[in-house]
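# Fold and contact review
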Amino acid sequence: MDPTNWPGVFREGRDLYTRNLRPGERVYGEDLRAVGDVEYRRWDPFRSKLAAFLLKGGTVPFEKEVGRVLYLGGAHGTTVSHVSDVWPTAPVFVVEKGPASFAPLLALARRRENILPLLADAQLPERYAADVGTVDFVYQDLAQRNQVAIFVENARLFLAPGGAGLLMLKVRSVTQRRPTSAVVREARTELTRAGFSVRAEVPLEPFSKEHVALVLRPTSPPSTDR
Ligand SMILES: C[S@@+](CC[C@H](N)C(=O)[O-])C[C@H]1O[C@@H](n2cnc3c(N)ncnc32)[C@H](O)[C@@H]1O
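Residues numbered from 1 in each chain as written. Predicted model: local features only at pLDDT ≥ 70, side-chain atom pairs only at ≥ 80, totals over all residues.

### Notes on the overall build of the protein chain
Counting its regular elements, the protein chain contains seven helices and twelve strands. Taken over C-alpha atoms, the radius of gyration comes to 17 Å for the protein chain, in line with the 17 Å a tight globule of 226 residues would show. Projected onto the principal axes, the alpha-carbon positions of the protein chain cover approximately 55 × 35 × 35 Å. Here the analysis covers contacts within the protein chain between residues at least 6 apart in sequence; of these, 59% occur between residues at least 24 apart. (Helix = DSSP H or I, 4+ residues; strand = E, 2+ residues; numbered from the N terminus. Rg over C-alpha atoms; globule rule 2.2 N^0.38 Å. Contact = placed C-beta atoms within 7 Å.)

This is the structure:
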């Protein structure tokens, strides 16, 4: 098991792994692998866009240790569980608006103390602002037409100085008609105008079709022109 550029993420051959915070427990049927006293969980890039991003060579320029995370669009907690492995002492606030997804997420949070699920709409961040406070990393993976605006609003409210964001842009939720390149270009323009610099653009093919990861840092001072 070899370390990667991301502390807490390991690689063996073509596969990524995280160190299992709850040895013996699977979250989504993933392989478990013991090396000495340590158990690892295989991280499936076809089930998790964050794993796909890392396998495609993506990296996020954190300026300091990640102490708190905001995760928008948690679903059943597949990727959330690996984020919880990667930063075992960081509170991971997870916003999910679908009650059907929230139930398994809540069950996961009962077994993993650092997962703090919030049944809420990421379009209304003021509703969970008092619970979340500031964070060092905003991760967003939700299929909404206004994904970029949702990211901007949340990052402005919650991102601490030196923090970074990762937006998993689902192109076909923005529009069915325009080509991917045009949608990504417009997203980049909207983000730049809102006061974020796009540090990298990573297409997630072949793991996730028509998804592009955008690595973001706030520029200073943020623009109010949106
Ligand atoms: C693609 S799934 C997320 C998969 C998850 N990130 C993973 O990798 O395991 C998108 C999720 O975002 C949720 N979602 C969509 N719009 C949302 C919103 N406005 N606020 C909160 N959750 C939202 C959906 O209910 C769905 O569970």
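From this point, the discussion proceeds with the structure in view.
### A look at helix α2 (residues 78-86)
The element α2 is largely enclosed, with a buried count of nine among its nine residues. Listing the buried residues of α2 in full gives Thr78, Thr79, Val80, Ser81, His82, Val83, Ser84, Asp85 and Val86. (Buried ≥ 20, exposed ≤ 12 C-beta atoms within 10 Å, placed from the backbone.)

### Side note on the sheet that holds strand β2 (residues 9-12)
Strand order in the open sheet formed by five strands is β1-β2-β3-β5-β4, with antiparallel pairing between adjacent strands. Every other strand in the sheet has two partners, leaving β1 (2-3) and β4 (32-35) as the edge strands with one partner each. For β4 and strand β5 (residues 38-43), the ladder comprises four bridges, and the chain directions are antiparallel. Its bridge partner being in β5, Arg33 is matched across the sheet by Tyr40. (Pairing = 2+ DSSP bridges.)

### Concerning the site of the ligand
Close to the ligand lie 18 residues; Gly73, Thr78, Thr79, Gly98 and Ala122 are nearest. Sorting the residues of the shell around the ligand by element identifies α2 and β7 (92-96) as the ones contributing at least two each. (Near = placed C-beta within 6 Å.)

### Remarks on the pairing of strand β10 (residues 159-170)
Regular strands place side chains that alternate from one sheet face to the opposite one. Most of β10 sits out of view: nine of its twelve residues are buried. Across five bridges, strand β9 (residues 135-140) lies against β10 in parallel orientation. Directly across from Gln140, in β10, lies its bridge partner Leu167. Between β9 and its parallel partner β10, the chain crosses via helix α5 (residues 147-158), and the hand of that crossover is right-handed. Strand direction decides the pairing type here: β10 and strand β12 (residues 211-218), joined by six bridges, are antiparallel. (Right-handed = clockwise from strand over helix to strand, strands pointing away.)

### Regarding the environment of Pro61
Summarising the element assignment, Pro61 is placed in the loop between α1 (49-55) and β6 (69-72). The spacing of Pro61 and Gly163 is 102 residues in sequence and 8.6 Å in space, taken between C-alpha atoms. Setting aside chain neighbours within four positions, we find Pro61 in contact with Ala164, Arg199 and Arg217.

### So, the pairing of β7
Among the five residues that make up β7, five are buried, leaving the element largely enclosed by the rest of the structure. Neither face of β7 is exposed, since Val92, Val94 and Glu96 on one face and Phe93 and Val95 on the opposite face are all buried. As defined by bridge partners, β6 adjoins β7 across four bridges and the pair is classed as parallel. Looking across to β7, one finds that Tyr71 is bridged to Val94. In this structure, β7 lies alongside strand β8 (residues 115-119), joined through five bridges in parallel fashion. The partner of Phe93 across the bridge, within β8, is Leu116.

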